[in-house]
Amino acid sequence: MSYFFVSVLQAFLPVALLIGLNWVHRPLPGIRALGWTTLLAWLVGALIGGHLPSGQILRLCLTVAELAALVLFLLCQFSRHQRLGLFWQCLLIAGAALHWADNPSLTALTSTTVVNTDLLLNISAIVLALTTVILSAVLIAMLVHTVPISRWPLLLSLAVLLALPLSGNLLLLLMKLQVLGLTKSLLSYVAQVTNASAWLSYAPALLITLLLLLRLPGLFGLRRNTGQQTDDILRRKSQAEWQNARRTGLWMVVAVLIVVLSQLYWDRIASQPPQLSAAIPVTLAEDGQVHIPVEQIRDGKLHRFVWVSDDGKAVRFFVINRYPDRLRLGVVFDACLLCGDQGYVMEGNQVICVACAVHIFIPSIGKPGGCNPVPIEGWKNDDRELVIGRDALISGVNYFTTIVTLDVTDPVDGSHLTNISAQYKFRYGGKTWFFSSEDNYNRFRAQPRQFVDIAPTAEDGEPEDQ
């Protein structure tokens, strides 16, 4: 629900504030005319955005047109014509609705074809967000009437806020079309302005806060003026002005808090991926196998473990009893072939892939295919313990990217270093050896038995990736 609330704020709040400023110096049309034109513009923009082709040339033309429209909008602010105000209100709302409806994440509005609780909650979030946006537009227009000097700084600030992501999209499209070359500075700029959507909520809230601070001296002046009036009629009039101004300010504070807190909740909590539970470290016993007591893992919960290979690669795996009424273990690596090593979490009685949020059918865990975790082969269990061999764990090394820092010794000269700092390494005797220099590496590779009393194995003979 929170995503749909925040997505509406990001798409419509800056535009709504521009619309509020657009009417500050123009005569307002009737409420009915404003309502119907706004609704029609929103519907048209949403329909176009929901069916917008993915062609890069079309999107390039659309982006250029939007940037040009922002410039024309600012130029038209010198005019006071009512119809021109209606035109820009329709155009701005249609553009915002187009961007909002073009968001592929909106397909998550509901997961079924019937009306359910999720759909009703998500629609309620959209309606509530639109109400907040409309309220903010009305209130900012009322405040700017009392602080007219703030109108143009607000107009320019909001226009720049909307132009930044558009400029990033423009540069990205030009690079995709090979009109511009790929440079580090351009890519950095594009990444920063196109991935800063949260500021489409934070920046308008900041501007409203600054406007409220500018209004404070006037509010205090109204308060003092009310107390200084001796005439009853003038005192009541002054008191009414003070109460209206205070009420407007309080509602703006409420709007700012709703915007900021909802965006913060999304950024810090709701949008964060599920956190993996701590993995229990395991090591190989003298027989070269990992032994895990069955009593520790038969409760039907996801039990995560980590084994660190001799080159420092952290291999995560988890064990789960797949059936509540009998012992049927699923023993798998905490990774899948499709999504990588982001892992799986258990919420309630569901196992969920962190990367793509797919719910895994628990009895299918241990079987290959789809987003199922990669099975571990060759393990065995009885009623007392689960046993996993070293070779079975080594087969999962390439599924993981995390490397643990280990203290190692150069077998040639006995110097101490870490696996992370070593530039040269070589696999021999079923183990990875690390070297402090290229000369040591070459000497060991030529005659390994001179330095370690270990027989070679079938996997030896090739240097590790540097």
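The structure we're discussing is the one just above.
Residues numbered from 1 in each chain as written. Predicted model: local features only at pLDDT ≥ 70, side-chain atom pairs only at ≥ 80, totals over all residues. Heavy atoms only, no water.

Some words on the sheet that holds strand β10 (residues 385-389)
Here comes step 1: The three strands are arranged β2-β10-β9 in an open sheet whose pairing can be described as antiparallel. Two strands close off the open sheet at either side, each with one partner strand: β2 (289-293) and β9 (380-381).
Here comes step 2: Here five bridges tie β2 to β10, and the two strands are oriented antiparallel to one another. Following the sheet pairing, Gln289 is matched in β10 by Gly389. (Pairing = 2+ DSSP bridges. Helix = DSSP H or I, 4+ residues; strand = E, 2+ residues; numbered from the N terminus.)

Quick notes on the packing of aromatic side chains
Here comes step 1: Applying the stated criterion across every chain, the model contains 20 aromatic pairs.
Here comes step 2: Centroid distance Tyr3 to Trp266: 5.2 Å. Interplanar angle 50°. Geometry classified as tilted. In this pair, Tyr3 is assigned in helix α1 (residues 2-22) and Trp266 in helix α9 (residues 232-270), connecting sequence segments 263 residues apart.
Here comes step 3: Here the aromatic residues Tyr424, Phe426, Tyr428, Trp433, Phe435, Tyr441, Phe444 and Phe451 are joined through ring pairs into a cluster of three or more.
Here comes step 4: Sitting above the plane of the Tyr323 ring, Arg326 keeps its charged end 4.2 Å from the centroid. (Phe/Tyr/Trp six-rings, centres within 6.5 Å; stacked < 30°, edge-to-face > 60°. Lys NZ or Arg CZ within 6 Å of the ring centre and 35° of its normal.)

Here we look at unusual backbone geometry
Here comes step 1: Within the chain, Gln178 stands out as a residue other than glycine whose phi angle is a positive 65°.
Here comes step 2: With respect to the secondary-structure elements, Gln178 resides in the loop between α6 (151-176) and α7 (184-194).

Digging into the state of the cysteines
Here comes step 1: Taken as a whole and assessed by the stated rule, the structure comprises zero disulfides.
Here comes step 2: Free of any disulfide, Cys336 has its nearest neighbouring cysteine sulfur in Cys371, separated by 3.9 Å.
Here comes step 3: Of all cysteine sulfurs, the one in Cys356 lies closest to Cys371, which takes part in no disulfide; the gap is 3.4 Å. (Disulfide = S-S within 2.5 Å.)

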